[in-house]
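Descriptive structure summary
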Amino acid sequence: MFTNNILSIITWLPVVGAILILGAFKKDQNALIKKFATAWLALDFVISLWLFGYDRRTGGMQFLEDHQWISAIGARYQMGADGVSVLLIILTTFLGVLAALSSWKYIQKREKEDYVLLLLLQTMVLGVFSSMDLFLFYLFFEVSLVPMYFLIVIWGGENRLYAAIKFFLYTLVGSVVMLLGVLKMYFLTQDLAITTKVSQATIGLLAGNDNALRMVNSTVQAATQSGTGSFNIVYMQAIGSVIPMGTLQVLLFFAFALGFAIKVPMWPFHTWLPDAHVEAPTAGSVILAGILLKLGTYGFYRFNLPMFPKASMDEVFFGKFGVRSIMIFLAIISIIYGALAAMYFVVKKDGDVKKLVAYSSVSSMGIVMLGLFALNPNGLNGAVMQMINHGIYSGALFLLVGIIYERRHTRKVSEFGGLSHVMPGYAAVFLAMAMTAIGLPLLAVFISEFLAMRGAFEANPVWAGWAGLGIILNAGYMLWLYQRMFFGEIENEKNKSLLDLSGREWVYMMPLVIMSLWIGIYPGPFLRYIEKPVNAAVRAIRPNYPIPGQPPPATTSAPTITTTSAPVQIKTQP
C-alpha cells in the first residue's frame, strides 16, 4: 500500500500538515507551529528518499498510480516519475525543510499563515513533478501561483504588492495561452487522422517500461469506450510525434513554450523575477529560485521536446531562423544579459545583492535551455543536472543574503566590506557557494555546465562560444561581489559587532555545501538516474541519433519494449 501510493503520500502530506496547523494550533503558539511545520516537512523529505529505489536499469515511468477522476472529459488521477522527476521531487522536499528553518526568525508576523502557505506550495510543486495526466499537471502548475503570491504580498518588502501582482499576471498570461495548447492536444487525441499513425513502439519508447506501457494503453482504451479524449502525458507525447511539421506543430510548440519560458524565466520574459525575489521573504526566494523556476525548464523537457519533436529540431520554418534557432538565440541572450545585469549590481553604488543573485538565475537557467535544445544526450544531461545544481547553489545564496539581512536590514553591497574579519564562518560558506556558482571544478555546477557546453558544442560550436562568454562574466561578477563584501578593512561601524552563523543557520547551510561537494566530486549516482530518461527523450526527438552504448535504433520496435499489441486508436463517437 505504501509503495503503491508513494507519490501521492509525498505530494499530499504537506496539505495534511497545513490542515493540522489550521485546526490544532492557536495563533499565539508561534514557536510550536514553527517546530511542527519544520518537522512535518522533514518527514516528507525522509519519505521522499524512498524514491531513490527507482530502478535505474529499467528506466521509464515508475511508482505508477491510476484512478478514475473526471470521467466526463477523460481526466484521470495518474501519478508517475522517471529519474528526472525523482531528483526534482527530492530536491523540492529537501529545500522545503531548509526554507522552513530559515523562517524561524525572519518571519515575525502571522507565522501560522506563513507555514500553512509554505506547506501548500510544497504540495503544488510536488504535484507538477509527479503528474502523468496533463489536466492534473495543469491544475498543480496553475495553483502553485497562489501560495507564492500571498507569501510575497504579506511578508514581502516595501514594493511587495507591485512585485506580487507582476509575478501573478506574467505567469497567468503564459498559462492561459498554454491552456489553449492543452485543449488542442486533447482534441487531437480524438482525431482518427492522427491517432491511427501512433504506434506501440512510439508509446513504448516514451513510457520506458512494460508497466507504464500497459497503463497508457488501458487509459486510452477507457477513453475510447467512454467516447472522450485522453490527457495522458505519454500518449499526448506520442500524438505529437506524428503531427506533421507545419503551422499547427509550431503554434502548439509556442503555446506551451510561452507558459514555460515565463516560468524559467527566459529573456525577454524575465522582468518579473528580480522584483519578486527582492520583495519576497527569504523562504519565498529559496523556493522561487530553487524550485519554481524548474517548473519552466521541466515543462520544456517533459512537453515541448518530446511532444513537438519536429518543431524542436526546426531551423528553417521562419526562413533560415527556425523554432530551434529562436530558442537557442533566447537562451544565449539570457546567459549573457543575466550575467551583465548581475555585474551591474556589483558596480552600482547601492547595488542590491539579492537582485544580483536573481539576475544570475536568469543566466544560469539560460544554460539549462541551451543544453535542452542541443538535443543530444550530453546537452540534456547537463541541462537536467543544472536544474538540480542551480536549486542547490541559488537556494544557498538566497539563504546567505537572508542571514545578513536579518542582522543589518540592508542588502546594499556598499554597506558591507571586511565581513570575513567578524563572520569567518559565514565568509567560508559564502565562498563555497560563490565558487559553486561560477563552476569551479570539484563543485556541483562544473559538471552540469561542462555537459551542457559539450552538448552545445556538438550541436554548433558557435553556440558554445557565446555561452562561454556568459560563464566568464558569471565568474567576474561573483568574484567581484565577494571581494567587495568580505575583503579589506571594516569601514562601517555597524558591521564590527555582527555575529557569525548561529547553530540553526549552520544546520540549514551545511547540507547545501555537502551536496555541492558530493555532486562535484562524484556525480555518477545522479547521472545514472537521468541517463535512460534522457536517452529516451533524445531517441524520441531524433530517432536516428547514435547514442553511445546503445545499439542503432530499430525502425519497427522500441528498444526496451516487447509487445504485439495493435496501434491504439481513439474513435470519435457519432
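Above this note sits the structure.
Given the structure is predicted, the values throughout are model-derived calculations rather than measurements. (Residues numbered from 1 in each chain as written. Predicted model: local features only at pLDDT ≥ 70, side-chain atom pairs only at ≥ 80, totals over all residues. Heavy atoms only, no water.)

Thoughts on the side chain of Arg408
Among the structural elements, Arg408 can be located in helix H18 (residues 377–408). Looking at Arg408, its side chain comes within polar contact range of the side chain of Glu415, at 2.9 Å. For Arg408, the residues in contact, after removing those within four places along its chain, are Glu415, Phe416, Asn492, Lys494, Asn495 and Leu498. (Helix = DSSP H or I, 4+ residues; strand = E, 2+ residues; numbered from the N terminus. Polar contact = N/O pair within 3.5 Å; in protein donor to acceptor, adjacent residues only side chain to side chain. Contact = heavy atoms within 4.5 Å.)

Quick word on the nonpolar core
Within the largest apolar cluster, 215 residues are counted, with the highest numbers of intra-cluster contacts made by Phe137, Met185, Phe256, Phe300, Leu372 and Phe430. If we skip the residues at most four places from it in the chain, Phe256 touches Leu134, Met178, Gly181, Val182, Met185, Phe303, Asn304, Met307 and Phe308. (Core = buried A, V, L, I, M, F, W, Y, C linked by side-chain atoms within 4.5 Å. Buried < 20%, exposed > 50% of the residue type's maximum accessible area, 1.4 Å probe, protein only.)

Structural notes on the packing of H18 against helix H19 (residues 424–437)
Put simply, H18 and H19 touch, their axes get as near as 9 Å, and they point 150° apart. Our pair here, H18 against H19, has a crossing hand that is left-handed. Between H18 and H19, the residues in contact are Ile392, Tyr393, Ala396, Leu397, Leu400, Val401, Ile403 and Ile404 and Tyr426, Val429, Phe430, Met433, Thr436 and Ala437, respectively. Class assignment of the residues belonging to the contact of H18 with H19 gives a composition of 13 nonpolar, one polar and no charged. (Axes fitted to C-alpha atoms, helices over the stretch in contact; angles between N-to-C directions. Left-handed = near helix turned anticlockwise from the far one by under 90°. Nonpolar A, V, L, I, M, F, W, Y, C, P; charged D, E, K, R; others polar.)

A look at the pairing of strand E1 (residues 62–70)
Of the strand pairs in this sheet, E1 and strand E2 (residues 75–81) are connected by six bridges, and their pairing is antiparallel. When the bridges of E2 are listed, His67 appears paired with Tyr77. Connecting E1 to the antiparallel partner E2 that follows it, the hairpin turn spans four residues, and Gly74 within it adopts a positive phi of roughly 80°. (Pairing = 2+ DSSP bridges.)

Section: helix H20 (residues 444–459)
Taking 1.5 Å of rise per residue, the 16 residues of H20 would be expected to cover 22 Å, and the 24 Å separating its terminal C-alpha atoms lies within 8% of that figure. Inspection of H20 places Ala444, Val445, Ile447, Ser448, Glu449, Leu451, Ala452, Met453, Gly455 and Ala456 among the buried residues, and these make up the whole buried set. Contact partners of the buried residues in H20: helix H17 (353–372), H18, H19, helix H21 (461–486), helix H22 (503–521) and helix H23 (524–541). (Expected span 1.5 Å × (residues − 1).)

Digging into unusual backbone geometry
That bond from Val264 to Pro265 is cis: its omega, -10°, falls within 30 degrees of zero. With respect to the secondary-structure elements, Pro265 resides in the loop between helix H12 (247–263) and helix H13 (272–279). In this structure, Leu442 takes a positive phi of about 80° despite not being glycine.

Focus: a nonpolar patch on the surface
On the surface, Leu442, Leu517, Trp518, Ile521 and Tyr522 cluster together to form a nonpolar patch covering roughly 540 Å² of accessible area. With respect to the element layout, Ile521 can be found in helix H22. The class for Ile521 is exposed, based on a relative accessible area of 56%. (Patch = residues over 30% accessible without salt bridge, like charges linked within 9 Å, V, L, I, M, F, W, Y side chains within 5 Å. Areas by Shrake-Rupley, 256 points an atom, 1.4 Å probe, with all protein chains shown as cover. Salt bridge = Lys/Arg side-chain N within 4 Å of Asp/Glu carboxyl O.)

Here's the deal with the pattern of salt bridges
Within the structure shown, the criterion is met by 10 salt bridges. A salt bridge links Asp82 to Arg302; its shortest N-O distance comes to 2.9 Å. Taken together, the residues Asp82 in the loop between E2 and helix H3 (83–106) and Arg302 in helix H14 (residues 282–307) connect sequence positions 220 residues apart. A single burial state applies to Asp82 and to Arg302, both of which are buried. A salt bridge links Glu415 to Arg408, with the shortest nitrogen-to-oxygen separation between them at 2.9 Å. With a relative accessible area of 24%, Glu415 lands in the partly exposed category.

So, H12
The end-to-end C-alpha separation of H12 is 25 Å, in line with the 24 Å expected for 17 residues at 1.5 Å each. The sharpest bend along H12 comes to roughly 30°, located at Ala257. For H12, the tally of buried residues reaches 12 of 17 residues, placing the bulk of the element in the interior. Within H12, burial applies to Gln249, Val250, Leu252, Phe253, Ala255, Phe256, Ala257, Gly259, Phe260, Ala261, Ile262 and Lys263. (Bend = angle between axes of the 7 residues up to and from the residue.)

Quick notes on the packing of aromatic side chains
Each aromatic ring pair is specified by the distance between its two centres and by the angle formed by the two planes. One pass over the structure, following the stated rule, counts 36 aromatic pairs. On the basis of an interplanar angle of 55° and a centroid distance of 6.0 Å, the ring pair of Tyr426 and Phe430 is categorised as tilted. Taken as a pair, Tyr426 and Phe430 lie in helix H19 at a separation of four residues, close to a single helical turn. Each member of the pair, Tyr426 as well as Phe430, is classed as buried. Arranged with centres 4.5 Å apart and planes meeting at 25°, the rings of Tyr482 and Phe486 form a pair that is stacked. (Phe/Tyr/Trp six-rings, centres within 6.5 Å; stacked < 30°, edge-to-face > 60°.)

Side note on the environment of Leu121
Assignment of secondary structure puts Leu121 in helix H4 (residues 111–130). Of the residues examined, Leu121 reaches a relative accessible area of 2% and is grouped as buried. Sequence separation of Leu121 and Gly284 is 163 residues, and the distance between their C-alpha atoms is 9.9 Å.

Remarks on the environment of Gly299
One can find Gly299 in helix H14. Since its relative accessible area comes to 0%, Gly299 is described here as buried. Along the sequence, Gly299 and Val128 sit 171 residues apart, while their C-alpha atoms lie 9.3 Å from each other. Once you skip the residues sitting within four places of it in the chain, Gly299 turns out to touch Phe260 and Asn304.

Thoughts on the packing of H18 against H22
Closest axis-to-axis distance for the H18/H22 pair is 10 Å, and the angle between their directions is 155°. Between H18 and H22, the angle falls in the class roughly antiparallel. Here H18 runs over H22; the crossing is left-handed. For the pair H18 and H22, the contacting residues are Met385, Ile388, Asn389, Ile392, Gly395, Ala396, Leu399, Leu400, Ile403, Glu406 and Arg407 in the first and Arg504, Glu505, Tyr508, Met509, Leu512, Met515, Ser516 and Ile519 in the second. Among the residues forming the contact of H18 with H22, the class breakdown is 12 nonpolar, three polar and four charged. (Parallel < 35°, antiparallel > 145°, perpendicular 65-115°, else oblique.)

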